[in-house]
Amino acid sequence: MPVTYEASFAKALFGAEPALPPGIDAHSAAAPARRFAIYRNNVMASLAAALARRYPVIERLVGGEFFGAMARQFVIKHPPRSPLLAQYGEAFADFITGFKPARELPYLADVARLEAARTRAYHAEDAVPLGADSFAALDAEALGDIRLLLHPSAAILRSPFPVVTIWAMNSGELEPQPIETGHGEDALVVRPHLDVEIRALPPGGATFLQSLADGLPLRDAIAAALADHTGFDLTGNLAGLIGSGVARAILSPAAAVAEKSDMAIP
Amino acid sequence: MSSKTALANATIAGSLAAALAMIAAPTFAGPKLPQPTMDKCFGIALKGENDCGAGAGTTCAGTAKTDYQGDAWKYVAKGTCASIKTPKGTGSLEPTKS
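Residues numbered from 1 in each chain as written. Chains lettered and ligands numbered in written order. Predicted model: local features only at pLDDT ≥ 70, side-chain atom pairs only at ≥ 80, totals over all residues.

Here we take up the overall build of chain A. Looking only at helices and strands, one finds 12 helices and 6 strands in chain A. Taking 2.2 N^0.38 as the reference for a compact globule, 266 residues should give roughly 18 Å; the C-alpha atoms of chain A span a radius of gyration of 24 Å, well beyond that estimate. The buried share among the 266 residues of chain A stands at 44%. (Helix = DSSP H or I, 4+ residues; strand = E, 2+ residues; numbered from the N terminus. Rg over C-alpha atoms; globule rule 2.2 N^0.38 Å. Buried ≥ 20, exposed ≤ 12 C-beta atoms within 10 Å, placed from the backbone.)

Turning next to the overall build of chain B. The number of helices and strands found in chain B is 1 helix and 1 strand. For chain B, with 98 residues in total, the buried portion stands at 13%.

All right, on to the confidence of the model for chain B then. Residue and element names in this part refer to chain B. The pLDDT averaged across chain B works out to 59; a share of 32% of its residues lies at or above 70. Contacts for the low-pLDDT stretch residues 32–71, under 50 throughout, to residues beyond four places or in other chains number 58 contacts. The low-confidence segment residues 94–98 (pLDDT under 50) makes 7 contacts with residues lying over four places distant or belonging to another chain. Overall fold confidence (pTM) sits at 0.81, and the ipTM for the predicted complex is 0.77. (pLDDT = per-residue confidence, 0-100. Contact = placed C-beta atoms within 7 Å.)

We now examine the domain arrangement of chain A. We note that the domain assignment places domain 1 (1–105) and domain 2 (127–266) within chain A. Centre-to-centre separation of domain 1 of chain A and domain 2 of chain A, based on C-alpha positions: 38 Å. (Domains from an automatic or database assignment.)

Taking 1.5 Å of rise per residue, the 16 residues of helix α6 (residues 108–123) of chain A would be expected to cover 22 Å, and the 23 Å separating its terminal C-alpha atoms lies within 8% of that figure. Most of α6 of chain A sits inside the fold, with 14 of its 16 residues counted as buried. (Expected span 1.5 Å × (residues − 1).)

This paragraph deals with the nonpolar core. In a soluble, globular protein the nonpolar side chains are often hidden away together inside. All names here are of chain A. Counting residues in each nonpolar core, the largest one holds 86 residues, and the members touching the most others are Leu51, Leu108, Val111, Ala112 and Val189. Taken domain by domain, this core gets at least three of its residues from each of domain 1 (1–105) and domain 2 (127–266). Apart from residues no more than four positions distant in its own chain, Leu108 is found in contact with Ile58, Leu61, Ile96 and Ala102. (Core = buried A, V, L, I, M, F, W, Y, C linked by C-beta atoms within 7 Å.)

All names here are of chain A. For helix α4 (residues 64–77), with 14 residues, the first-to-last C-alpha span of 20 Å sits near the 20 Å given by 1.5 Å per residue. The set of residues buried in α4 consists of Phe66, Phe67, Gly68, Met70, Ala71, Phe74 and Val75. The secondary structure elements touched by the buried residues of α4 are α2 (32–54), α3 (56–62) and α5 (92–97).

Residue and element names in this part refer to chain A. Packing of α2 against α4 brings their axes to within 9 Å, and their N-to-C directions diverge by 115 degrees. When the axes of α2 and α4 are compared, the pair comes out roughly perpendicular. Here the hand of the crossing between α2 and α4 comes out right-handed. Along the contact surface, α2 presents Met44, Leu47, Ala48, Leu51 and Ala52, while α4 presents Phe67, Gly68, Ala71, Arg72, Phe74 and Val75. Looking at side-chain class alone, the contact of α2 with α4 contains 9 nonpolar, 1 polar and 1 charged residues. (Axes fitted to C-alpha atoms, helices over the stretch in contact; angles between N-to-C directions. Parallel < 35°, antiparallel > 145°, perpendicular 65-115°, else oblique. Left-handed = near helix turned anticlockwise from the far one by under 90°. Nonpolar A, V, L, I, M, F, W, Y, C, P; charged D, E, K, R; others polar.)

The structure is reproduced here in structure tokens:
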């Protein structure tokens, strides 16, 4: 099929005005335009439904009617570029940011970012997280120098809104109750095993994990976190680092791992 | 190794020991153990939701409606957003007059 034909078909499918692409005919009826309109509507409805599956909390926050209408506007502006339906809607958060009818809900885009990160984590590569025993076996003399490889599913999201609380209360994780949006929350999204987990990070925690993700040694990551927030609690954040399963491997220095492991691990 | 670095390492080691003790405590919410009986549904959607492409959209839901491109926005947010207070106040969205 020539590319020009596909382009004209796609244009008719997502164009603002109902139009019949050239070459479309109906086998019996004299109403191909009406039949193409049905096809067009089904394409739109299925993509809007896919979006609702990926962003269930957004749908709950604004209601089905609002969401359906917003989703259709999105589909028109952002038709699929990939056959993978699971990846459809990556641009939804940015779309919401610029979507005037939703501007009175300023947290909505960040909640969408959290939901998008959740799906990405779900489909990310599997990896066995580093256990507490691996951290216990580290050489204390070289602790500040170690660099970590984070889990392939890990994502860190910073928000000036309490996105984790909003998400949790609208996804069944927490009992719903009135929320004040006065404070921000940073989120860690990770799938250490089969289930995607979303955690609110403690003060400085996002900077700490992001610094480690960027390849900084532990000492520098701690310094960056303290610079970001003086209330950074090292013990609590290390417990979160180990307990969340966000660490996949200890990269370096080789001496810190190797010397110790000669003694500790057979 | 300088004494400053050694001190920092000792501080980190102390925190690490405390963190490991914290994780070992039964109340700590660590990662859930693997659930080997559950299948992961690759390349489709969240598990249990893998029918989204072949669900409502491919039936004749809303058959032959062609007015979805209308620019007039007449929908009001009726979800749980009313329970979330923002500096601009609470409540549902008002219909946008355009």
